[in-house]
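Overview (structure and organization)
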Amino acid sequence: MKLVSAIAIGVLAIIFVCSLGGSVFAPAGHAKQFRENPNSPPSSRFLLGTDELGRDRFARLLFATRVSLLLAPAAAALSTLLAALVGTVAGFLGGLWEKLSMVAIDVFLSLPWLFLLITVRAMLPLNLSPSLSVVITFALLGLLGWAATARVVCAGVRSIRSSTFMLNARAFGCSPQRLVAIQLIPNIRPVLQAQFLVSIPTFILAEANLSMLGLGVPEPLPSLGGLIVELENFSTLSSQLWRLAPVAVLALCVGALQIVKGINEAQI
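Residues numbered from 1 in each chain as written. Predicted model: local features only at pLDDT ≥ 70, side-chain atom pairs only at ≥ 80, totals over all residues. Heavy atoms only, no water.

So, unusual backbone geometry
- Unusually for a residue other than glycine, Asn 39 sits at a positive phi of about 50°.
- Looking at the element boundaries, Asn 39 is found in the loop between helix H2 (22-25) and helix H3 (57-93). (Helix = DSSP H or I, 4+ residues; strand = E, 2+ residues; numbered from the N terminus.)

Structure representation (structure tokens):
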């Protein structure tokens, strides 16, 4: 189990370092166009060839991976924070607060959140800068993806609230603030950590889906979903297998994150 975890973490580390060092491994950049070399095959100059505009596919893949591996954890952190606030308050206070929170969570979970995300994303102004659009896309993922995690957190907090050590702390006159800070948060932290790890691959795939629908990361910025869209013409794949590189990177990232998440849950 430790070996599998080490391999998964190693794969993620290699991908992350390569994506951060994109300017070193692909100094041409993701947006520069080599108009004299459109749709060129892999070479020593372009490791994955170029696209129809003459842009370096390898440079674009590195930048797209960097976007996913930096902003998906940020969106997961935002989602987990919101879920922690709602779930902790509902589970700790109980009673009416918990009922109202559960109703809000149920309503939120009943919504088709992917379609809601598509709708909200499509309503944004078209003149947004690409960088701001990327940030807003992942912020929306974080703001709309907290409900399921909040339910799990609420159940965990409710269980801890009725535990023996919490009852003993109350009997000794421990204040509610101290109960939360000293007793509750350290015991609910593994649950939050597991939910955070669950959210990262979910948000990476959600962004890829949005980009494939044309509502994710806008051009000229690349994204894994945007690069996968180029595979719509399946007739060329048999002779251009290098174009499957974005699919391979996406599968490696999500698979490695799932392995790390599964091992973390087993340890909990």
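As for the confidence of the model for the protein
- Put simply, the protein has an average pLDDT of 82, and 95% of its residues get 70 or more.
- Element-level mean pLDDT values for the protein span from 74 in helix H5 (residues 113-122) up to 89 in H3. (pLDDT = per-residue confidence, 0-100.)

Let's talk about helix H4 (residues 95-110)
- In a regular helix each residue adds 1.5 Å, so 16 residues correspond to 22 Å; H4 covers 23 Å between its end C-alpha atoms and thus fits that length.
- Among all positions of H4, only Glu 98, Ser 101, Met 102 and Ile 105 are buried. Buried residues of H4, viewed axially, fall in a sector of 100°; they line one side. In this structure, H4 carries Leu 96, Lys 99, Leu 100, Val 103 and Ser 110 as exposed residues pointing more than 90 degrees from its buried face.
- Close packing links the buried residues of H4 with H3 and helix H7 (147-161). (Expected span 1.5 Å × (residues − 1). Buried < 20%, exposed > 50% of the residue type's maximum accessible area, 1.4 Å probe, protein only. Arc of directions from axis to C-beta. Contact = heavy atoms within 4.5 Å.)

Comments concerning the packing of aromatic side chains
- One pass over the full model with this rule turns up two aromatic pairs.
- Taking 5.1 Å as the distance between ring centres and 40° as the angle between the ring planes, the aromatic pair formed by Phe 108 and Trp 146 counts as tilted. Separated by 38 residues along the polypeptide, Phe 108 in helix H4 and Trp 146 in the loop between helix H6 (130-144) and H7 bring together distant segments of the chain. (Phe/Tyr/Trp six-rings, centres within 6.5 Å; stacked < 30°, edge-to-face > 60°.)

A closer look at the packing of H7 against helix H9 (residues 176-212)
- Interhelical geometry of H7 versus H9 gives an angle of 160° and a closest axis separation of 10 Å. Classed by the angle they form, the pair H7 and H9 counts as roughly antiparallel. The two elements H7 and H9 cross, and the hand of that crossing is right-handed. Taken together, the residues of H9 that come into contact with H7 (itself represented by Thr 149, Val 152, Val 153, Gly 156, Val 157 and Ile 160) are Leu 184, Asn 187, Ile 188, Val 191, Leu 192, Gln 195 and Ser 199.
- Among the residues forming the contact of H7 with H9, the class breakdown is eight nonpolar, five polar and no charged. (Axes fitted to C-alpha atoms, helices over the stretch in contact; angles between N-to-C directions. Parallel < 35°, antiparallel > 145°, perpendicular 65-115°, else oblique. Left-handed = near helix turned anticlockwise from the far one by under 90°. Nonpolar A, V, L, I, M, F, W, Y, C, P; charged D, E, K, R; others polar.)

Comments concerning the nonpolar core
- Judged by nonpolar contacts, the single largest core of 45 residues is most densely connected at Leu 61, Phe 138, Leu 141, Ile 204 and Leu 250.
- If you list the elements that add at least two residues to this core, you get helix H1 (2-20), H3, H5, H6, H9, helix H10 (224-229) and helix H11 (245-267).
- Ranked by residues supplied to this core, first place goes to H3 with eleven residues.
- The contacts of Leu 141, once residues within four sequence positions are left out, are Ala 75, Trp 113, Leu 117, Phe 203, Ala 206 and Glu 207.
- In terms of nonpolar packing, the next biggest core, distinct from the first, is built from twelve residues, Ile 160, Met 166, Ala 169 and Leu 192 among them. (Core = buried A, V, L, I, M, F, W, Y, C linked by side-chain atoms within 4.5 Å.)

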